[in-house]
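In case you want the letters, here they are:
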Amino acid sequence: TTLFRSHHRARHRGYGAARQYRSPSRGEDVELNIEIKAFAARGRAMASNSEIDNITTLLDQQTHLKDNEGKHKFVLKTPKGTRDYTPKQMAIRERVFNTIVNCFKRHGAETIDTPVFELKETLTGKYGEDSKLIYDLKDQGGELLSLRYDLTVPFARYLAMNKITNIKRYHIAKVYRRDNPAMTKDRKS
C-alpha cells in the first residue's frame with residue numbers, strides 16, 4: 001500500500017513534482033499492479049463490474065506492453081479516415097447541426113434513427129461498385145453484419161419493414177466507408 005500511495009502522490013502532485021518522479025523498476029511496477037488489482041478488488045462494492053473489468057483489462061494491457069518493450073512500438077493514433085473533434089470544433093458542429101435540424105423541423109420533418117450496422121445481405125449489391133467499400137463485421141451471433149455505407153439503404157429497409165409510403169424525415173448520422181479520402185488543398189484529415 002505504501003508503494004501505491006507514494007507512486008500515486010508522485011504522479012499527481014503537479015508539474016514541478018513530475019520532473020522528480022522516477023519510473024518504477026520492473027519489480028516495483030509488478031508490485032504496483034498487484035496492489036492496484038487488490039485495491040480494485042476491495043472497492044468492488046463501490047464500483048460496477050464493468051468498471052472493474054475495464055481497469056483490470058487496462059492493467060493487463062499495460063503489463064503486456066511493458067513485457068514487449070523493444071519488440072514493437074505501440075502508437076496511439078486514430079484509424080485511417082477518422083478524426084477526433086476538439087471541444088471547440090464540437091461546439092461549432094453542434095451549432096451548425098442545430099440550425100439544420102431547426103430548419104427541417106420548421107418544414108414539418110421528423111427524425112428517425114437506424115442501426116449503425118445492417119445485415120450484410122441487405123447492404124450487399126445495393127451499392128454496385130461501391131459494395132467493396134463496405135466494412136464487414138466479424139460474425140458474433142450467427143448473422144453476417146456490415147456497417148452502413150450511407151443512410152439510403154437503412155432508410156429503405158425501415159420504410160419496407162414499417163410499411164410506410166409517405167414520410168417527411170431527416171436523418172443526421174455517421175456512416176462508414178472503406179475508401180481512401182482524397183487530400184485536397186483545402187481539406188485536412
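Residues numbered from 1 in each chain as written. Predicted model: local features only at pLDDT ≥ 70, side-chain atom pairs only at ≥ 80, totals over all residues. Heavy atoms only, no water.

A. Layout of the packing of aromatic side chains. Using the criterion set out here, one finds one aromatic pair in the structure. Seen from their ring centres, F104 and Y170 are 5.1 Å apart, and the 10° between their planes marks the pair as stacked. Residue F104 is found in helix α5 (residues 87–106), and its partner Y170 is found in strand β5 (residues 169–170); the two are separated by 66 residues along the sequence. Here the guanidinium or amino end of R177 rests over the ring plane of Y149, the centre of that ring lying 4.3 Å away. Positioned above the aromatic ring of Y135, the side-chain terminus of R178 is 5.7 Å from the ring centre. (Phe/Tyr/Trp six-rings, centres within 6.5 Å; stacked < 30°, edge-to-face > 60°. Helix = DSSP H or I, 4+ residues; strand = E, 2+ residues; numbered from the N terminus. Lys NZ or Arg CZ within 6 Å of the ring centre and 35° of its normal.)

B. Here's a closer look at a nonpolar patch on the surface. A cluster of nonpolar residues, I92, V96, F97, I100, F104 and I172, forms a patch on the protein surface that exposes about 460 Å² of accessible area. Take V96: it is sitting in helix α5. Assessed through its relative accessible area of 41%, V96 is described here as partly exposed. (Patch = residues over 30% accessible without salt bridge, like charges linked within 9 Å, V, L, I, M, F, W, Y side chains within 5 Å. Areas by Shrake-Rupley, 256 points an atom, 1.4 Å probe, with all protein chains shown as cover. Salt bridge = Lys/Arg side-chain N within 4 Å of Asp/Glu carboxyl O. Buried < 20%, exposed > 50% of the residue type's maximum accessible area, 1.4 Å probe, protein only.)

C. Structural detail: the pattern of salt bridges. Inspection of every chain in the model, using the stated rule, returns two salt bridges. Across the salt bridge formed by R157 and E118, the nearest N and O atoms sit 2.7 Å from each other. Taken together, the residues span a long stretch of sequence, with R157 in helix α7 (residues 152–162) and E118 in strand β2 (residues 117–119) at a distance of 39 residues. Residues K120 and D136 are paired through a salt bridge, measuring 3.1 Å at the closest nitrogen-oxygen approach. Of this pair, K120 sits in helix α6 (residues 120–123) while D136 is found in strand β3 (residues 136–137), placing the two residues 16 residues apart along the sequence. The exposure class of K120 is partly exposed, given its relative accessible area of 29%. Since its relative accessible area comes to 42%, D136 is described here as partly exposed.

D. Seen up close, the sheet that holds strand β4 (residues 145–147). Strand order in the open sheet formed by three strands is β2-β4-β3, with antiparallel pairing between adjacent strands. The open sheet has two free edges, formed respectively by β2 and β3, since each of these has just one partner strand. When β3 meets β4, the two strands line up antiparallel, connected through two bridges. Following the sheet pairing, D136 is matched in β4 by S146. (Pairing = 2+ DSSP bridges.)

Geometry only, nothing functional implied.
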